[in-house]
Amino acid sequence: MIAHPDDGPLHSDADSGADPVAARIASWYRADLADAQRIGAHVMASVAARRRRARRRRSLSVFAVALLGVGLTRWLFEARRDTGASPLDGRQPATRFVYVATGSVSRVALVGDFNGWNPHATPLARVRAGALWVVDVRVPIGPHAYAYVLNDNRWTIDPAAPRAPDDGLGPTSVVIVDPGPR
Amino acid sequence: MVDGLASMPTPTPTPEPSDGVLAARAARGDDRAFHRLVDRYANDCARYAMHMLDHRQDAEDAVQDTWWRAYRALSRYQERDVFKRWLFRILVNVCRTTIERRGRLRRRFVEDGGALAVAPDVTSDHSHDTTFEHLLMRLNPRAREALLLKFGENLEYTDMAELTGDSVSALKMRVKRALEALRSTVEWEQ
């Protein structure tokens, strides 16, 4: 059901307005409120400003991560040269995410707090043109909320995993990545 | 000439895109679509926040925070959900957080319980015209929230439960008790 902009209130109840106090609350709520209009007028500018700040922060983060990556690679390269060990030794193993498609699905992507909920970052691969889709991802140790995006537009939880607590933004599943046996 | 004009088909106005269509376009980066959603619902959000928080700056911050969160979560919005309800779920949570933060600040700076009880409420920047409005603002925030959603937004209890995360029976009880508390004031004023 789609709310029309002119509808105002979302639904109406038969019992609202029958009580004089309820009617008074309703009329107080709907009275002209100049402040509300002024606040509404500033929303778009505020979102645009926050978006600019977020982009600047992201650019700085990408730069910092790139710098860190270069340093780390160099350090690992030199450590391997010193010890002869593989640079992957001791790293967190990949976590395998599996989705079993029940309908007509041509693309499946993994979204979660570990990839910024980006539906293009982590596509799953189809196993032998069947219903099984998998992807292996290195996820930091700890609990993570995630979901799958089917055909680029349909958001779904993982039916095989527990539900994450609802943060008000839509249902998600939860996975807990542990360090594994030592 | 006149006949010719009369026989011409009248141009049909382009139908307004639904909220779901606008949200999907906005999620793909279409700023005009997002702007259109803001045009539709920013005033409704501001109205709720002003009545809930009773403080212009807090309300403005809450509304802007709500839209920013909605903007970032658009890809998770599903069209089967009513957009305004989805948006209000975020707004209600943001207003609750604002009130909790305000409570923590008051506790931190005013340690004397007696002084706190008689101190003027500096979290409100409105002088209320009537005892009724004053009492509404003095209600427990959860009770005020229930009254605003029920009688301001005309929501059904099931929608309120989905939006607030509280049970239908708890919400009904909250509304009933808040109405009883206010009813005595209305009778006294009359």
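Look up a bit, the structure's there.
Keep in mind that this is a model prediction, so the values were computed, not measured.

**Q** I'd like a description of a nonpolar patch on the surface, backed by residues and values.
**A** On the surface, V98(A), V100(A) and L132(A) cluster together to form a nonpolar patch covering roughly 220 Å² of accessible area. You can see V98(A) is positioned in strand β1 (residues 95–100).

**Q** Describe in detail a positive patch on the surface, supporting the description with residues and values.
**A** Together, R52(A), R53(A), R56(A), R57(A) and R72(B) give the surface a local cluster of positive charge. Counting residues per element, the positive patch draws most heavily on helix α2 (residues 34–83) of chain A, at four residues.

**Q** For the nonpolar core, give the residues involved together with the corresponding values.
**A** Grouped together as the largest cluster of nonpolar side chains are 68 residues, with contacts concentrated most on I25(A), F34(B), Y48(B), W67(B), F83(B) and L147(B). Those residues in contact with F34(B) that sit more than four places away from it in its chain are M44(A), V47(A), A26(B), W67(B), Y71(B) and L74(B). Counting residues in hydrophobic clusters, the runner-up holds 17 residues, among them Y99(A), V139(A), V175(A) and V177(A).

**Q** Kindly report on the packing of aromatic side chains, identifying the contributing residues and their values.
**A** Residues and elements named next belong to chain B. This model, assessed by the stated rule, comprises 13 aromatic pairs over all chains. Consider the rings of W68 and Y71, whose centres lie 5.8 Å apart with planes at 15°: the pair is stacked. With a gap of three residues between them, W68 and Y71 both fall in helix α4 (residues 56–73), about one helical turn apart. Between Y77 and F83 the ring centres are 5.3 Å apart and the planes differ by 80°, which places this aromatic pair in the edge-to-face class.

Reading guide: rules and limits
- Residues numbered from 1 in each chain as written.
- Chains lettered and ligands numbered in written order.
- Predicted model: local features only at pLDDT ≥ 70, side-chain atom pairs only at ≥ 80, totals over all residues.
- Heavy atoms only, no water.
- Patch = residues over 30% accessible without salt bridge, like charges linked within 9 Å, V, L, I, M, F, W, Y side chains within 5 Å.
- Areas by Shrake-Rupley, 256 points an atom, 1.4 Å probe, with all protein chains shown as cover.
- Salt bridge = Lys/Arg side-chain N within 4 Å of Asp/Glu carboxyl O.
- Helix = DSSP H or I, 4+ residues; strand = E, 2+ residues; numbered from the N terminus.
- Lys, Arg positive; Asp, Glu negative; His and termini not counted.
- Charge placed at Lys NZ, Arg CZ, Asp CG, Glu CD.
- Core = buried A, V, L, I, M, F, W, Y, C linked by side-chain atoms within 4.5 Å.
- Buried < 20%, exposed > 50% of the residue type's maximum accessible area, 1.4 Å probe, protein only.
- Contact = heavy atoms within 4.5 Å.
- Phe/Tyr/Trp six-rings, centres within 6.5 Å; stacked < 30°, edge-to-face > 60°.

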